[in-house]
Structures are given as structure tokens and as C-alpha cells.
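Now for the letters of each chain:
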Amino acid sequence: MALRRETHVLVVGGSDSSGGAGIARDIETIASIGARTCLAVTALTVQTHEAVMQIHHSPPSLVADQMRAALKANEVAAIKIGMLAKAEIVAAVAAVLRENPQVPAVLDPVLASTSGRALLEAGAIAVMKRNLMPLCRLVTPNLIELALLVGSEPAVDEDSAVRQGRELLAAGARALLIKGGHASGARSTDILLCSDHEPVRFDAPRLATSMRGTGCMLASAIAAHLAKASPLEDSVRKGKRFVFEKLQQDSR
């Protein structure tokens, strides 16, 4: 079948019944960039744009089996990982990544919803850092997620964000994109950190509009460009441009 030979991004994450984030936003983003998606659903949620009311987790073995089936069925050129919820699901996803080291993975470490509800149990953070992050080509924490991952207070400036990021690199992460959306000021700066070169900054005007699912969009856009064989820095730049233009469009 021709479909099997088209470039796919495997999306591993939770559903959002409001459509504002999660796999609905991932599919929309990846399709806009010209790739197809296949899915491994980690959780079903009941939520609006204001609150998460219910979360029903998928069994870890089911998540792993979905991933293996998607990888067998399609030409998967990148994997985007979002909400994982539980330590056992983190471990199951890591096991499948170890079986497929040739496929680059982008991890958006979803720790809490916009409304503040925890989306990853506290004990799973250590499992994510130890078992999953070293297998991913890129991890994309915002400042709050970065602080939780290193067990610290949120960074107050770029220098402290870079220091926290280097802690994660030392703990095994291969590359980080530290997102500056939770910072203040007229400009929003994301910082790409890799162990083998100096930080690369991506600076843009801070838009007044607010939109759910921007983290999902960015990680998915980067994964879609990695699937098209763009280098990491170029994929980040193109992903940033996609999200910025989408925010501009929605703010009109």
C-alpha cells in the first residue's frame, strides 16, 4: 500500500476531549507540515479548555503494543512523545525506543495541565530522567517543567535556565530545548542546549495572545521536520516558525 511508504510520525500521548492539546493538536500540526501520523494513546481524558475532570490511563503493555504495531505498519521517521502519566508507561515507552534506536524521538515532558492538574505522577519523574530521556533526540521542557525535572525553583533568568539545563544534560539527556514562554519581558527566547556546542537561542516577540497546546504543537512540528531529515537545529528553527505563525494567525 502507498500509505505505508509515506513518512509518518508516531505520536505517543493522551487525548484531550476539548481538542485544545494532546494528540488532536499533534495530528493537526504534523499534517500541516506534510507528514502522516500514527498513534499510541497513553490516556483518555475528560476536559474542557479550563479544567481536567477525569484521566483514564492505558495499560502500559497496551501502549507498547500500539507503538510496535504502528512501527511495523508504517514508515515511521520520527516519534513525538507527550503525556505519559505513570512510571510504568514511561518504562514501556522506553523499552520500545530501545528496540528502535534509528528513529529519533522528541519528548515533551508533560508534567501538568495548563489548569494545574498533575499529568505525570511524582515518582515517574526519576524514571523519565533515567530510562527515557537518554533515548530521545530532544527534550522540550518549559521553565516550570525544567525546574521540576532538576528538583529546583524555576529559573529567574537565562543563565539560571542554562545551568538547570546542563544538569539534565549531565543526567543523560542528549539535547534540550528550554522554552521561554513562562518567562517575562517583551521577547520570548527558547534555548537549544547540546553537550557538544554552545547554547543556540531562538528569539521572537512575545505575543499577547494565549493558546493551549503550544508545547504539543512545537514538539510535533520539530518531530515532523526531523522526519523529513532536517538537522536538529534546523528542525527546531522551522518548528518555532510554524508555532509563531500559527499564534499570529489566531490572534488576528
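Everything quoted here is computed from the prediction, not taken from an experiment.

## Comments concerning the overall build of the protein chain
Thinking step 1. Within the protein chain one finds 9 helices and 9 strands.
Thinking step 2. Evaluated residue by residue, the protein chain yields a buried proportion of 52% over its 252 residues.
Thinking step 3. Sequence separation of at least 24 residues holds for 70% of the intrachain contacts in the protein chain that already meet a minimum separation of 6.
Thinking step 4. Working note: accessible area of the protein chain is about 11300 Å², and carbon and sulfur atoms make up 52% of it.

## Some remarks on the side chain of Lys80
Thinking step 1. Turning to its location among the elements, Lys80 is positioned in strand β4 (residues 75-81).
Thinking step 2. Residue classification places Lys80 among the buried residues on the basis of a relative accessible area of 2%.
Thinking step 3. With sequence-adjacent residues up to four places away left out, Lys80 is seen in contact with Val9, Leu10, Val11, Val12, Asp26, Val106, Asp108, Cys216, Ala219, Ser220 and Ala223.

## A closer look at the nonpolar core
Thinking step 1. By size, the foremost hydrophobic cluster in this structure holds 48 residues, and its most contacted members are Val12, Ile81, Val93 and Leu132.
Thinking step 2. Once you skip the residues sitting within four places of it in the chain, Ile81 turns out to touch Val12, Val93, Leu97, Ala105, Val106, Leu107, Asp108, Leu132 and Cys136.
Thinking step 3. Counting 29 residues, the second-largest nonpolar core is a separate cluster that includes Ala175, Leu192, Leu218 and Ala224.

## Some points on the pairing of strand β7 (residues 175-178)
Thinking step 1. The side-chain alternation of β7 yields two buried faces, one formed by Ala175 and Leu177 and the other by Leu176 and Ile178.
Thinking step 2. Pairing of β7 with strand β8 (residues 187-194) involves 4 bridges; the strand directions are antiparallel. When the bridges of β8 are listed, Leu176 appears paired with Leu193.

## Side note on helix α6 (residues 143-150)
Thinking step 1. Within α6, 6 of the 8 residues are buried, leaving the element largely enclosed by the surrounding structure.
Thinking step 2. The elements touched by buried residues of α6 are α5 (124-132), α7 (158-170) and β7.
Thinking step 3. Between the side-chain oxygen of the N-cap and the backbone nitrogen of Ile144 there are 3.1 Å, and the N-cap of α6 in question is Asn142.
Thinking step 4. Just downstream of α6 lies Gly151, where phi reads positive at about 70°.

## Let's talk about the pattern of salt bridges
Thinking step 1. In this structure the tally under the stated criterion is 12 salt bridges.
Thinking step 2. Across the pair Lys80 and Asp26 runs a salt bridge whose closest N-O atoms are separated by 3.0 Å. With Lys80 in strand β4 and Asp26 in helix α2 (residues 22-32), the pair connects residues that are 54 residues apart, well separated along the chain.
Thinking step 3. The residue Asp190 makes a salt bridge to Lys240 at a minimum N-O spacing of 2.8 Å. Pair noted here: Asp190 is in strand β8 and Lys240 is in helix α9 (residues 232-251), with a separation of 50 residues, a long-range link. In terms of burial, Asp190 and Lys240 fall into one category: buried.
Thinking step 4. Taken together, the shared-partner salt bridges in this structure form one network comprising Arg25, Glu28 and Lys246.

## Brief notes about the packing of α6 against α7
Thinking step 1. One can describe the packing of α6 onto α7 by two numbers: an axis separation of 10 Å at closest approach and a directional angle of 50°. When the axes of α6 and α7 are compared, the pair comes out oblique. Relative to α7, α6 is oriented so that their crossing is left-handed. Counted together, Leu143, Leu146, Ala147, Leu149 and Val150 of α6 and Ala161, Gln164, Gly165, Glu167 and Leu168 of α7 form the full contact between these two elements.
Thinking step 2. Partitioned by chemical class, the residues of the contact of α6 with α7 number 7 nonpolar, 2 polar and 1 charged.

## Points about the environment of Val139
Thinking step 1. Tracing the backbone shows Val139 in strand β6 (residues 138-139).
Thinking step 2. Between the alpha carbons of Val139 and Pro109 there is a distance of 7.1 Å; along the sequence they are 30 residues apart.
Thinking step 3. Non-local contacts of Val139, meaning those with residues more than four positions away in its chain, are made with Leu107, Pro109, Met133, Ala175, Leu176 and Leu177.

## So, the side chain of Arg25
Thinking step 1. Take Arg25: it is sitting in helix α2.
Thinking step 2. The buried category is assigned to Arg25, whose relative accessible area is 10%.
Thinking step 3. Looking at Arg25, its side chain comes within polar contact range of the main-chain oxygen of Gly20, at 3.1 Å.

Cut-offs and rules
- Residues numbered from 1 in each chain as written.
- Predicted model: local features only at pLDDT ≥ 70, side-chain atom pairs only at ≥ 80, totals over all residues.
- Heavy atoms only, no water.
- Helix = DSSP H or I, 4+ residues; strand = E, 2+ residues; numbered from the N terminus.
- Buried < 20%, exposed > 50% of the residue type's maximum accessible area, 1.4 Å probe, protein only.
- Contact = heavy atoms within 4.5 Å.
- Areas by Shrake-Rupley, 256 points an atom, 1.4 Å probe, with all protein chains shown as cover.
- Core = buried A, V, L, I, M, F, W, Y, C linked by side-chain atoms within 4.5 Å.
- Pairing = 2+ DSSP bridges.
- Polar contact = N/O pair within 3.5 Å; in protein donor to acceptor, adjacent residues only side chain to side chain.
- Salt bridge = Lys/Arg side-chain N within 4 Å of Asp/Glu carboxyl O.
- Axes fitted to C-alpha atoms, helices over the stretch in contact; angles between N-to-C directions.
- Parallel < 35°, antiparallel > 145°, perpendicular 65-115°, else oblique.
- Left-handed = near helix turned anticlockwise from the far one by under 90°.
- Nonpolar A, V, L, I, M, F, W, Y, C, P; charged D, E, K, R; others polar.

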